[in-house]
Structures are given as structure tokens and as C-alpha cells.
Amino acid sequence: LRSNLAMEGYDVRVADTGPDGLHQAKVFKPDLVLLDLMLPQMDGFEVLEAMREAGLTMPVLILSARGEEVDKVRGLRLGADDYVTKPFGLMELVARVEAILRRGEPSEAADTGDERMIIRHIGICPRTRTVQKDGEPVELTPKEYELLVELVRNDGAVVSRIDLMKTVWGHASTIVSRTVDTHIAELRRKLETNPSRPSLILTVRKAGYRLEQSDED
């Protein structure tokens, strides 16, 4: 990975243990961290949690042979931006790295002006990038926030997974990923009254997702 990323023009530093990786993240403050989970002395989850607790906000892309959904969800909840399961294609990984680094500034998905938005029991303030549910603050990750705003911007229309990947993550349409589904599940967990029976963020079979703006209840 170091050799191939260096050939693409990146300055790459490698850490062989969890503590060394955390130290390098704090000292060098890289633009992006590729983080394995199975690390000696301190696993990737512990490194990621320690990074976020230390105030390090650089994007993190998890690389792991552990493909279970519970591991992906745990990584995303700890603040990872994306998750790639081994084995993976090098071209796909490079494309994801490029897409993440292009998002140095807030994406167009978050550009909705300063006016506060109210969608049923959800309040969104673009100026501060904060969200409330029934008047109480809800902590969303940057990608969860941008995904929610993109659904709002489409005003109840269906948005395909491919379009969400391109707009929110900047990925090419040829890349297949469960990232969108995992983030939707997290949004439902945080925003729906009953996540097991969502009424706000709806799945449209074989099409994508849409935001239900009317409250039939």
C-alpha cells in the first residue's frame, strides 16, 4: 500500500502498532488515516476512539478482513468515514482515498444556506451543522449530517444509492458499497421514533431512499 500510494504522489507514513499509529496521527496530523483493525498492543477501534477523544478530526478509512456488519457499525459510530473489507482492489482503494481528500471543504450536500430547516420532529441548522430531535440535540457524524441534508434537498424525491455515493462521498458510480445502507441505519437509529419501523427515512425497493416530510401519525 505504501509503495502504490507513493506512486500516486502521496507522502505515506507507516506505523506497525496501535500506539505508534496514534502517536504519528498526533504528531504529523495527516490528511487521511488508513487504519487496520487487527493491530498489536492496541487494536484499530481503540486507536480510532483515542484519536477522536484527542480532538483529531482527520478522516479515517478502516481497512479490515473483519467484514461483519457489527464491526462496520462500530467503526462508523467511533468516527470512521468509510470501511473497506479485505480483499479489496487497489484501484478502488485509491479512488476512495482521492474522494475523501477532495472533501477538504464541506460538500455541496451541506450547502443549503443559513436558514434553519424543520422536517417534522427534526430541526437542522446548516450554519452550525447541528441537528435536533424533538428539541433535543442529536450528535451526527459529518457523513450522517451530509446524508440527511442531501435527502432534505431532494424534497421527498427518491435518491439512489449511487447518487448518494457520488454526492455525499464523492465515489465513482462503479464502486459498489454498503456504506450508504450502514449510514442510513445509523440515521434511523438516531432520528426515527421507532427505528425498526421507519416513517421518516424510507426505503424504496430497488430504487434508493427518500425522506417522508408529511406526518401521517
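Placed above this text is the structure.
A brief report on the enclosed structure follows. Just so it is clear, the model here is predicted, and its values are computed rather than measured.

### Points about the pattern of salt bridges
Counted according to the given criterion, the structure contains 13 salt bridges. Residue Arg-129 pairs with Glu-146 through a salt bridge whose shortest N-O separation is 3.3 Å. Note that Arg-129 is positioned in the loop between β5 (122–125) and β6 (130–133) and Glu-146 in helix α6 (residues 142–153), a separation of 17 residues in sequence. Residue Arg-129 is classed as partly exposed on the basis of its relative accessible area, which comes to 31%. One salt bridge in this structure joins Glu-212 and Arg-210, with 3.0 Å as the shortest N-O distance. A residue is classified by how much of its surface remains accessible, and Glu-212, at 14% relative accessible area, is buried.

### Let's talk about the sheet that holds strand β1 (residues 33–36)
On the basis of which strands lie adjacent, the open sheet formed by three strands has the order β1-β2-β3 and parallel pairing. Either end of the sheet is taken by a strand with one partner, and the two such strands are β1 and β3 (82–85). Geometrically, the sheet is characterised by an average inter-axis angle of 25° between neighbouring strands, direction not taken into account. For strand β2 (residues 60–64) and β3, the ladder comprises four bridges, and the chain directions are parallel. Bridge pairing in β3 links Leu-61 to Asp-82.

### Examining helix α4 (residues 69–77)
In an α-helix, one turn spans 3.6 residues, which is why side chains three or four residues apart end up on the same side. Inspection of α4 places Asp-71, Lys-72, Val-73, Gly-75 and Leu-76 among the buried residues, and these make up the whole buried set. Elements that come into contact with the buried residues of α4 comprise α3 (44–53), β2, β3 and α8 (179–191). Phi for Gly-79, located one or two positions after α4, is positive at around 115°.

### Considering α6
The end-to-end C-alpha distance of α6, which contains 12 residues, comes to 16 Å, matching closely the 16 Å that a straight helix rising 1.5 Å per residue would cover. For α6, a buried count of 10 out of 12 residues is recorded, marking the element as mostly surrounded by other parts of the structure. Taken together, the buried positions of α6 are Lys-143, Glu-144, Tyr-145, Glu-146, Leu-147, Leu-148, Val-149, Glu-150, Leu-151 and Val-152. Asp-155 sits one or two residues past α6 and shows a positive phi near 55°.

Criteria and thresholds
Residues numbered from 1 in each chain as written. Predicted model: local features only at pLDDT ≥ 70, side-chain atom pairs only at ≥ 80, totals over all residues. Heavy atoms only, no water. Salt bridge = Lys/Arg side-chain N within 4 Å of Asp/Glu carboxyl O. Helix = DSSP H or I, 4+ residues; strand = E, 2+ residues; numbered from the N terminus. Buried < 20%, exposed > 50% of the residue type's maximum accessible area, 1.4 Å probe, protein only. Pairing = 2+ DSSP bridges. Axes fitted to C-alpha atoms, helices over the stretch in contact; angles between N-to-C directions. Contact = heavy atoms within 4.5 Å. Expected span 1.5 Å × (residues − 1).

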